[in-house]
Amino acid sequence: QVQLVESGGGLVQVGGSLTLPCAASGIIFGLNNMGWYRQAPGKQRELVASITIGRVTNYADSVKDRFTISRENAKDMAYLQLNSLKPEDTDVYYCNAQPVPAYGPAGGYWGKGTLVTVSS
C-alpha cells in the first residue's frame, strides 16, 4: 500500500519559515519524481516545486528564490523548505510521487495534505 504523509504545516507569521517533510512508503522512492503542490478552496491544485530522480528541480515563478525542494532517498523522504512566507502562500500543501516509468494511478500518488496558514 502506497502512503505519502505530509507534516510540518501550521500557522506562521509573514516572513517566517516552515519545513514540510513528506514520508513515503510502499514505493521504490528512488524511482519516483517527487513534487509539492498546493490548493486553496475553490481553486485548482498547482505545482509548487518538483525534483526528479536525477535531482533536477523546478519551481513555480511565485515561489522561486523562497522555497527549496529536496529529497533524501536513503530515508524515503522529500522536503519543502518555505522561507519568506507571504499571506498568499496560505494553502493546503500536497506531496506527490510519480513513478518512472509510469505505473499506478494517473498523476501518481498523493498525500492527504498539510495546511500552511500565513498570518499578516
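Each chain carries its own residue numbering, running from 1 in the direction its sequence is written. Whole-chain, interface and lining totals are the exception, using all residues; otherwise, since this is a predicted model, local features are given only for residues with pLDDT of at least 70 and side-chain atom pairs are given and counted only at 80 or more. Side-chain measures were taken over the full set of non-hydrogen atoms in the model, leaving aside hydrogen atoms and water.

### Quick look at the nonpolar core
For soluble globular proteins, nonpolar side chains are generally found buried alongside one another. If you look at the biggest cluster of nonpolar residues, it comprises 28 residues, and the most contacted ones within it are Trp 36, Leu 80 and Tyr 93. Secondary structure follows DSSP: runs of H or I at least 4 residues long count as helices, runs of E at least 2 residues long count as strands, and numbering of each begins at the N terminus. If you list the elements that add at least two residues to this core, you get strand E3 (18-25), strand E4 (32-39), strand E5 (46-51), strand E7 (67-72), strand E8 (77-82), strand E9 (91-99) and strand E11 (114-119). With four residues, E3 is the single largest residue contributor to this core. Only buried residues count toward a nonpolar core, which is a set of Ala, Val, Leu, Ile, Met, Phe, Trp, Tyr and Cys residues joined through side-chain atoms within 4.5 Å. Exposed residues in this analysis have more than 50% of their type's maximum accessible area, buried residues have under 20%, and partly exposed residues fall in between, with area computed by a 1.4 Å probe over protein chains only.

### Structural notes on the pairing of E4
Extensive coverage of E4 is indicated by the burial of six of its eight residues. The criterion for strand pairing is that DSSP finds at least two bridges linking the strands in question. Here E4 pairs with E9 via eight bridges, running antiparallel. In the strand pairing of E9, Gly 35 is matched with Asn 96. As judged from the five bridges shared by E4 and E5, these two strands associate in the antiparallel manner. What sits directly across from Met 34, in E5, is Ile 51. Taking the residues between adjacent antiparallel strands as the criterion, E4 and E5 are bridged by six residues, where Gly 42 takes a positive phi near 80°.

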